[in-house]
Amino acid sequence: MFIYLSKKIAIPNNVKLRCISWNTDQGWIACGGETGLLKVLRLDGTTSKDVKGKKEGGPPGGNLSLNQTLEGHNGSVMCVCWNNAFQKLTTSDEFGLIIVWMLHKGMWFEEMINNRNKSVVKDMKWTANGEKICIIYEDGAVIVGSVDGNRLWGKELGMELALVEWSPDGRLLLFATPQGDCHVYDGNGNGVAKVPLYCNEGYAGASKIIGVEWYDGVEGYAEPNCPVLAICLDNGRMQLMRYESDDNAVCIDTGIKPLKVKWNMNGTILAVAGFQMSSAVADGRELWMVQFYNHNGEHLRTLRVPGGGISGISWEGNGLRLALAVDSYVYFANVRPDYKWGYFCNTLVYAFNRPDRSEHCVMFWDTKNNDKYPKYVRKLVAIQAFGDFCVLATKGENQGEHILILCNAIGSPVDSKYIEVEPKYLAITNYHVIAANDEVVYVWQFRTSFSKVLSTDINAVKRKDVREKMFSVDDANPALSDRSPESFRNLTTQTTDPIACITACDSVLMIGRASGVVNRYSLPHLTLDAQHVLRCRPQMLSLNCNLTKMSIIDINGVLTFFDLTAKATGGGANTMGEHLAFERKDAWDMRWADDNPELFAMMEKTRMYIFRGLDPEEPVTSSAYLCSFHDLEITAAFLDDIMQQPDQPDLEFMVMYETRSLRDTRELLKSASVDDAYSFVDSNSHPRLWRNLAEHALEALDFTTADKAFVRCADYQGIQFVKHLGKLDDKAKQRAEVAVYFKRFDEAEQLYMRMDRPDLAIDMRMRLGDWFKVERLIRESSGDDSQLLNAHNKIGQYYSDRHKWGKAAQYYAQAKNSEMLVECFYALEDFVALGRLMDALPDGSQLLSNIGEKFQSVGLCNEGVTAFLKAGDTKRAIDCCVLLNQWDQGVQLAQTHNFPQIEQLLAKYANHLLEKDKVMDAIELYRKANHSMEAARLLQDLAKKCAAQKVHPMRVKKLYVLAALEIEKFKKRTLELSGPDKTAATLLGAGGGVGGTATMAATAAQTLAGLMTLESVVSGEAGVDSAWRGAEAYHFWLLAHRQLYAGNVDLAMRTALHLREYEDLLDPLEIYSFLALAAFYNQFFGQCSKAFIKLESMPSIPTDKRESFADLAMSIFLKHPPADPRALRETREKKGQGGATGSSLDALLEDLGGGREQVCVASGRIVRDGNVLRCRTCKHLSITHELRGATVCPLCHSSLPASAAAGPPARTISSKAAQMSHLYAGY
């Protein structure tokens, strides 16, 4: 940072000031002095709004816009305190009178007055939010009041008080005593602790606290967990703490006798005002000064202040100025902060803090296109930029670890390095990043002249020792030792001459040391080429473009120059160079021109000077930071203004300054002759001036002068352009070409059209890539159709590059570009249009495969298959079906086109799913492939597994029903395979008579053949026929339980009696246990006895359980004889009980022939009459009145037919059934 005194305001009648305070929000300055003096001042441009609105970026104004004297105090005003939130001013004098002032119509008036009349007010402070104020008196009285004047609480602490400070959250109060103690109290006045003063340890004399400042954190923090509490003693010692009980405080010895301390607005700079006794003067005159420290306690600057004593200091709200109360004057010091920033590739990168985030926000602002790229970086230390990259230096997570992050112009990290060197000083060139602390230098070569970034070069990565180097500044010649970071070891003793600054270019590294010695190293070898001895301690070094001069700004802000080529008169063999007879004071920034070694710009206070050699041009009022100096133009940034609203920087804060020679050349070209301008440019030769002269000559069609000027500025393309113009015989054509050269394309187009040469206009627009105007010109001039198609293609490409697919499709359609239309329709997800395009393409087109892939990628199987088939690629059509899990369609295609591999692939995929225990996925796979029998088998196996695991019976029933439905589907498909033959037989036998008999015989034979095929397949599948039986078993099992729980024990027993047929599917123990229970409750003790007999005779039941059954039966049948009250058809022993016997065909014939009793699946009753409904799916019966209005089958849940369509009674065999039974009897 740099600071200098800029303005002084005198107080009338030489009244000495006692205190001063600057309102941080509105810019009012309150000054209190002797004899009741109280003034409120306001300077132009001191508010944040005024700073944002300035376009010239000059320093905040100096004229007083408000100078009001407030009357009310009689004694010396000792304390002034602003309430920024509520726009109030609180003042107190030496007699204890307190006045609260309020603002009304731009003037300040009394609002409240208070006088305790017992003691003197020593200090008062408002909380950060302005809600409460704490007033302390010398006798130890404390009063805390609200903003509206109400007293919240008051206490007598019983000790003398000197200072008070609120914590940022307003929960704690710090009280300092004249004896040098600091006590912590809570917000209600209760003592909490005592602040330890580590900085005063070892000091023998008496000391008192002169300042307690606690930064409120409103503007965010410089870094996470940084010191914010400053406690300063009158012996010059000071400590910075993170909180009131911090035991790791930063202790500082200021070396002066301080009187006042104050944080700036964002807690990054602490100002300490005091005096130092001068030993050089006999009378021991006091030297007053203000020292500045950062939040880590590092000394930044010292400002000497004239006068007899500083009685108060206060920061401006934006931190750019400091007000000092000195005797009867108010001094203003301008501050030039050390922002973290850089400029490269038309991009301004800068860092700032957000109050709501702990990280630094690093903004990459493209000042050309006004694009902004914010990035968040933790623990940012420094930023440097040059060429194509910038480097961000941050602290790592581990102690002593730092990170260098190389970024491009949009903030994307390109490369990074972890280093053990604190990047206290940082520099970057086109090829190297240099970081240094006080004694160690780290050099990282991130690229070479043939490699963009070395991290992408495999060979360079292997040679790490070439990329990274470390050495001590005391090394005589680092090039002769091992310089890799792995082999480097820190020295045990610290250097006596630490590093003060560094600078570098592509081939030279300059390291300035505190003694004034500058070491010069060559890059990349790091050979110590020379040492230069300066007359000062450098703080900023910079090299001109040809390495002949070096600029130095020392710690006092004095700019000097050093000639690197001159031979030194004294020193060692490597010592060379000498100081030039040039000196400028109060300099805080400078920039060499990158194309002229004699040009440079410098900032001196609030003025910018441009020098040619050592001769200055007239200054320009500015406080901007210099970004670049190129082509006689200086780019500068008003960072002070940008930082007021860093999220939304305005382009008006980036300015361009021109050198006087550039301005004079432009004036000469406007007013004087070309010869005079040529002579002036020749005497002030610069490529930019010659280029301006050449452009002016081209405008005048003076090709001779233009050629000479292009030769002088070494512009080969310009020379060739002049030769091209000389070959043109038409002045109008020459003017058009010149207009094109100056990018005045509309003017050139008009000239071409006046010449009736639309072809040249079209060619120009095509070279420019302005295809919209190419299309317009072609239509207006009836141009070539091929050019129009090309224009439509290019316009379509323009829209597709910007993802405006709808407009792109329109132009591609006009260009008949089917390939790009496919991409547009796909991006638009307009698959209907894509399908129409597919239909329009001829068979075998290569685009059809691409269209098929598009359809396949979004799951449109039918469309994808159609596209692949139209393209003649059957294999990919089948692959599409397989990929989209449409196995039925894939199998059909494979059978149609003779691809047997599909069955193997299907089986392999199904086995893979089964190995992964994805049984349901395998079942679904078989279903989609129309392999119903395989699906049914897996469903039955799954049902049996669930039954064994005692899963809910309803799930088991559903699995059996699904298996049975798959079998029915297979049966139907098998019988339908004979459909064409049956139809043919019908056609051949049409006509009746003998032919009719033949038709019936053919039909019967075909039907029998289908049935026999079905019988062979079904009987060959183990257990497949039991699907409906499994569904019946678990259906009746569930039905019996529902009936029993509903209290219908008779139906529950009847249903349980049917369960005896399913001992192979259900657990017999559970069947007969349930039957015994239902029969007992229904008082059918005969059936109950039979169930117990069955239970006792089961060999699988353990003996103890069998005995318990016997005991239970004995207890029952001793009271109730084992006899039924009546006979039931359900109680009869059935043939084949205990499991299915015979084939499914035998069971079907038994059912058709009436030998098997039909059971109602709705109630479990045996069907006795014809008032029933038969399910068309499972062929099971339901008694109509038992359905109770249900329209679905209780077993398979398929829709039931209407009652009228139920047909004859179930036990009545129709003639067709009798015929089929007769036919089956013959086999």
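The rules behind each value
Residues numbered from 1 in each chain as written. Predicted model: local features only at pLDDT ≥ 70, side-chain atom pairs only at ≥ 80, totals over all residues. Heavy atoms only, no water. Helix = DSSP H or I, 4+ residues; strand = E, 2+ residues; numbered from the N terminus. Buried < 20%, exposed > 50% of the residue type's maximum accessible area, 1.4 Å probe, protein only. Contact = heavy atoms within 4.5 Å. Areas by Shrake-Rupley, 256 points an atom, 1.4 Å probe, with all protein chains shown as cover. Polar contact = N/O pair within 3.5 Å; in protein donor to acceptor, adjacent residues only side chain to side chain. Pairing = 2+ DSSP bridges. Axes fitted to C-alpha atoms, helices over the stretch in contact; angles between N-to-C directions. Parallel < 35°, antiparallel > 145°, perpendicular 65-115°, else oblique. Left-handed = near helix turned anticlockwise from the far one by under 90°. Nonpolar A, V, L, I, M, F, W, Y, C, P; charged D, E, K, R; others polar. Salt bridge = Lys/Arg side-chain N within 4 Å of Asp/Glu carboxyl O. 1 Å grid on protein atoms, 1.4 Å probe; cavity = no way out; pocket = protein on both sides within 12 Å on 5 of 7 lines; lining within 4 Å. Points joined across faces, edges and corners; volume = space filled by probe spheres on them. Phe/Tyr/Trp six-rings, centres within 6.5 Å; stacked < 30°, edge-to-face > 60°. Lys NZ or Arg CZ within 6 Å of the ring centre and 35° of its normal. Expected span 1.5 Å × (residues − 1). Disulfide = S-S within 2.5 Å. Core = buried A, V, L, I, M, F, W, Y, C linked by side-chain atoms within 4.5 Å.

1. Observations regarding the overall build of the protein
Looking only at helices and strands, the protein has 35 helices and 58 strands in total. Classification of the 1227 residues of the protein by burial places 50% in the buried group. Considering only residue pairs separated by 6 or more positions, the protein has 47% of its internal contacts joining residues 24 or more positions apart. Carbon and sulfur atoms make up 50% of the accessible area of the protein, which totals about 57500 Å².

2. Things to note about the side chain of Thr-91
Tracing the backbone through its elements, the reader meets Thr-91 in strand β7 (residues 88-93). A relative accessible area of 0% places Thr-91 in the buried class. A polar contact of 2.6 Å, which involves the side chain of Thr-91, links it to the side chain of His-73. Of note is the side chain of Thr-91, whose polar atom sits 3.0 Å from the side chain of Trp-101. Among all residues touching Thr-91, those that are not within four sequence positions of it are Leu-38, His-73, Val-77, Cys-79, Val-80, Leu-97, Ile-98, Ile-99, Trp-101 and Met-124.

3. A short note on the sheet that holds strand β5 (residues 64-69)
Strand order across the open sheet formed by four strands is β2-β3-β4-β5, with antiparallel pairing between neighbours. Every other strand in the sheet has two partners, leaving β2 (17-22) and β5 as the edge strands with one partner each. Put simply, the sheet's adjacent strands are angled 15° from each other on average, direction ignored. Note that β2 and strand β3 (residues 28-33) share five bridges and pair antiparallel. In the sheet register, Ser-21 faces β3, and the bridge partner there is Ala-30.

4. Things to note about the packing of helix α9 (residues 716-727) against helix α10 (residues 731-741)
Packing of α9 against α10 brings their axes to within 9 Å, and their N-to-C directions diverge by 160°. Here α9 lies roughly antiparallel to α10, going by the angle between them. Here α9 runs over α10; the crossing is right-handed. Residues Phe-721, His-724 and Leu-725 of α9 form the contact with α10, whose own contacting residues are Gln-734, Glu-737, Val-738 and Tyr-741. Class assignment for the residues of the contact of α9 with α10 results in four nonpolar, two polar and one charged.

5. What to know about the sheet that holds strand β47 (residues 559-563)
As summarised here, the arrangement of the four strands in space is β45-β46-β47-β48, forming an open sheet in which the pairing is antiparallel. The open sheet has two edge strands, β45 (538-543) and β48 (578-579), and neither has a second partner. Looking at chain direction, strand β46 (residues 549-554) and β47 are connected through five bridges and run antiparallel. By the bridge assignment for β47, Lys-549 is matched with Asp-563.

6. Overview of the pattern of salt bridges
Going through the model one piece at a time under the given rule, you end up with 52 salt bridges. A salt bridge links Arg-584 to Glu-604, with the nearest nitrogen and oxygen atoms 3.0 Å apart. Pair noted here: Arg-584 is in the loop between β48 and β49 (587-592) and Glu-604 is in strand β50 (residues 599-604), with a separation of 20 residues, a long-range link. With relative accessibility at 10%, the residue Glu-604 sits in the buried group. Asp-1050 is the salt-bridge partner of Arg-1126, the closest N and O atoms lying 3.5 Å from each other. Within this pair, whereas Arg-1126 is found in the loop between α32 (1103-1117) and α33 (1144-1153), its partner Asp-1050 is found in helix α29 (residues 1049-1058), the two being separated by 76 residues in sequence. Given a relative accessible area of 42%, Arg-1126 falls into the partly exposed group. Note on Asp-1050: relative accessible area 16%, which makes it buried.

7. Quick word on empty space enclosed by the protein
Under the counting rule described, the total for this entry stands at two cavities of 30 Å³ or more. By volume, the second largest cavity amounts to about 40 Å³. Along its surface, the second largest cavity is lined by Met-608, Ile-610, Glu-617, Glu-618, Val-620, Glu-658 and Arg-663.

8. Looking at the packing of helix α13 (residues 771-781) against helix α14 (residues 785-801)
Remark: α13 packs on α14, axes separated minimally by 9 Å, with the N-to-C direction vectors making an angle of 155°. Here α13 is positioned roughly antiparallel relative to α14, judged by the angle of their axes. Once α13 is placed against α14, the crossing between them reads as left-handed. Only Gln-787, Leu-788, Asn-790, Ala-791, His-792, Lys-794, Ile-795, Tyr-798 and Tyr-799 of α14 make contact with α13, whose side of the interface consists of Trp-771, Phe-772, Val-774, Glu-775, Ile-778 and Arg-779. In terms of residue class, the contact of α13 with α14 is made up of nine nonpolar, three polar and three charged.

9. A short note on the packing of aromatic side chains
One pass over the structure, following the stated rule, counts 41 aromatic pairs. Between Trp-82 and Trp-108, the aromatic rings sit 5.3 Å apart at their centres with planes inclined by 65°, giving edge-to-face as the arrangement. Taken as a pair, Trp-82 in strand β6 (residues 77-83) and Trp-108 in strand β9 (residues 107-115) lie far apart in primary sequence, 26 residues in all. By relative accessible area, which is 2% here, Trp-108 ends up buried. Within the aromatic cluster, the residues linked to one another by ring pairs are Phe-561, Phe-582, Trp-592, Phe-600, Tyr-609 and Phe-611. Cation over ring: Lys-854 sits above Tyr-826, and NZ or CZ is 4.6 Å from the ring centre.

10. Re the environment of Gln-1083
Checked against the element boundaries, Gln-1083 lands in the loop between α30 (1068-1082) and α31 (1085-1096). Note on Gln-1083: relative accessible area 53%, which makes it exposed. Taking the C-alpha atoms as reference, Gln-1083 lies 8.9 Å from Ala-1123; in sequence the two are 40 residues apart. If we skip the residues at most four places from it in the chain, Gln-1083 touches Ala-1123 and Pro-1125.

11. Observations concerning the pairing of strand β27 (residues 321-326)
Counting buried residues in β27 gives six out of six residues, a clear majority hidden from the surface. Where strand β26 (residues 310-315) and β27 come together, five bridges link them in antiparallel fashion. Residue pairing for β27: Ile-310 is matched across the bridge by Val-326. If you look at the hairpin formed by β26 and β27, you'll find five residues sitting between the two strands, and Gly-319 has a positive phi there, around 75°. Two strands pair when backbone bridges link them, and β27 and strand β28 (residues 329-336) are joined in this way by six bridges, in the antiparallel orientation. Counterpart to Leu-322 in the pairing with β28 is Ala-333.

12. Some details on helix α24 (residues 932-948)
Helix length check: α24, at 17 residues, gives a terminal C-alpha distance of 24 Å against a target of 24 Å (1.5 Å per residue), a fit within 8%. Those residues of α24 that fall on the buried side of the exposure criterion are Ser-932, Met-933, Ala-935, Ala-936, Leu-938, Leu-939, Gln-940, Leu-942, Ala-943, Cys-946 and Ala-947. Looking one or two residues beyond α24, the residue adopting positive phi is Lys-950, at roughly 60°.

13. A short note on the environment of Ile-9
By secondary structure assignment, the location of Ile-9 is in strand β1 (residues 2-10). Sequence spacing of Ile-9 and Val-330 is 321 residues, and the spatial spacing of their C-alpha atoms is 5.1 Å. Among all residues touching Ile-9, those that are not within four sequence positions of it are Leu-43, Leu-64, Ser-328, Tyr-329, Val-330 and Phe-332.

14. A closer look at the state of the cysteines
Applying the stated rule across the entire model yields zero disulfides. The thiol of Cys-31 is not disulfide-bonded; the next cysteine sulfur, from Cys-19, is found 8.2 Å away. As a non-bridged cysteine, Cys-1178 has Cys-1193 as the owner of its nearest cysteine sulfur, 3.6 Å distant.

15. Details of α29
With ten of ten residues buried, α29 lies mostly within the body of the structure. Val-1049, Asp-1050, Leu-1051, Ala-1052, Met-1053, Arg-1054, Thr-1055, Ala-1056, Leu-1057 and His-1058 are the residues of α29 that are buried. Lining the buried residues of α29 we find α28 (1027-1045), α30 and α31.

16. Observations regarding the nonpolar core
In this structure, Met-1053, Phe-1092 and Leu-1095 are the most contacted members of the largest nonpolar core, which totals 93 residues. Counting residues per element, this core draws most heavily on α28, which supplies ten residues. In this structure, Leu-1095 is in contact with Leu-1069, Tyr-1072, Ser-1073, Ile-1101 and Phe-1109, ignoring residues within four places of it in sequence. Counting residues in hydrophobic clusters, the runner-up holds 56 residues, among them Trp-341, Ala-601, Phe-638 and Trp-690.

17. Notes on unusual backbone geometry
For the bond from Leu-523 to Pro-524, the omega torsion is 10°, close enough to zero to count as cis. Structurally, Pro-524 can be placed in the loop between β43 (517-522) and β44 (528-533). Its identity as a non-glycine residue notwithstanding, Thr-35 has a phi of 55°, on the positive side. Turning to its location among the elements, Thr-35 is positioned in the loop between β3 and β4 (38-43). Its identity as a non-glycine residue notwithstanding, Lys-605 has a phi of 55°, on the positive side. With respect to the element layout, Lys-605 can be found in the loop between β50 and β51 (607-612). Judged by relative accessible area, Lys-605 falls into the partly exposed class, the value being 26%.

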